[in-house]
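The lines below spell out each chain.
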Amino acid sequence: MAFTVAIDGPAASGKGTIARAVAAHFGFAHLDTGLLYRGVGFRVMQGEDPLTVAQNLVAEELENPDLRGAQVSQWASKVAVLPEVRAALLDFQRAFARRLGGAVLDGRDIGTVICPGAEAKLFVTASDATRAGRRHRELLRSDPEITFDTVLADLRERDRRDSERSAAPLVPAEDAVRIDTSDMSIEEAVAAAISAVAERQ
Ligand code: CDP
């Protein structure tokens with residue numbers, strides 16, 4: 001049986017953590033779609049052509065830990081503006097979403113463009129300060145010099161670019177359940193997500 005859970009939201013809102021936990025709980029497969037854009041952004045940053053990279057992405061390169069870096073985040077959101085790049089990544093995401101046994105996809109446009117018919121849709125948010133604090137703690141592990149203010153500015157710039165672009169902008173699907181994780185622990189946020197998905201089963 002196919003069952004798609006679409007989880008969207010702005011940068012570092014907690015959607016990745018929630019998506020992984022929901023997938024583990026229900027025994028569904030999980031796809032972090034941001035990694036696809038990061039994979040493209042990483043190679044475009046080195047001078048390659050965005051569309052050629054998007055058409056030839058291979059799974060192994062998405063395992064590179066460097067894709068999580070702050071500079072790659074910016075390049076990911078720059079290539080994500082290009083409609084031809086988004087189109088090249090569409091079929092793979094849709095096929096993943098309809099695989100037998102259930103799938104959770106997290107990103108920006110899953111409930112609106114990739115899987116408008118998803119059985120369950122969540123839109124995960126958190127305040128700017130909360131999101132920047134979380135991402136700052138993550139990035140400090142690989143970049144001890146990075147400051148909170150740099151991370152906050154990066155998130156705001158990407159949110160603006162992601163929300164204002166004309167191709168698949170970051171906007172909640174009308175039928176998405178909204179979860180604001182600002183004042184929630186991970187356990188509380190995951191529990192809220194699991195109960196919203198369970199209601200749709
Ligand atoms: O982890 P974080 O929320 O910081 O970012 P991400 O989910 O890895 O996504 C990186 C960038 O890819 C975003 O800023 C978006 O520009 C783009 N993206 C997108 O356009 N559509 C998606 N479905 C997922 C990511």
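That block above? That's the structure.
Residues numbered from 1 in each chain as written. Predicted model: local features only at pLDDT ≥ 70, side-chain atom pairs only at ≥ 80, totals over all residues. Heavy atoms only, no water.

A. Unusual backbone geometry, seen in detail. In this model, A12 sits at a positive phi of 55 degrees, which is unusual for a non-glycine residue. Unlike most non-glycine residues, A168 shows phi in positive territory, near 50 degrees. Mapped onto the elements of the fold, A168 is located in the loop between α8 (148-164) and β5 (177-180). (Helix = DSSP H or I, 4+ residues; strand = E, 2+ residues; numbered from the N terminus.)

B. Local environment of the site of the ligand. Among the 18 residues in the neighbourhood of the ligand, the closest are listed as K15, R38, R135, R158 and D162. One of the side-chain N or O atoms of D109 is found 2.9 Å from a nitrogen atom in the ligand. Within the side chain of R135, one N or O atom sits 2.7 Å away from an oxygen atom of the ligand. Burial of the ligand by the surrounding chains reaches 97%, relative to a free accessible area of 540 Å². Secondary structure elements with two or more residues in the shell around the ligand: α2 (34-45), α4 (70-79) and α8. In terms of residue count, the dominant contributor to the shell around the ligand is α2 (three residues). In the shell around the ligand, the residues fall into five nonpolar, four polar and nine charged. (Near = heavy atom within 4 Å. Polar contact = N/O pair within 3.5 Å; in protein donor to acceptor, adjacent residues only side chain to side chain. Areas by Shrake-Rupley, 256 points an atom, 1.4 Å probe, with all protein chains shown as cover. Nonpolar A, V, L, I, M, F, W, Y, C, P; charged D, E, K, R; others polar.)

C. Region of the structure containing the pairing of strand β3 (residues 103-107). With five of its five residues buried, β3 lies for the most part within the structure. Here β3 shows no split at all, with A103, L105 and G107 on one side and V104 and D106 on the other all buried. Pairing between strand β1 (residues 4-8) and β3: five bridges, direction parallel. Its bridge partner being in β3, A6 is matched across the sheet by L105. Where strand β2 (residues 29-32) meets β3, four bridges bridge the pair, whose relative direction is parallel. (Buried < 20%, exposed > 50% of the residue type's maximum accessible area, 1.4 Å probe, protein only. Pairing = 2+ DSSP bridges.)

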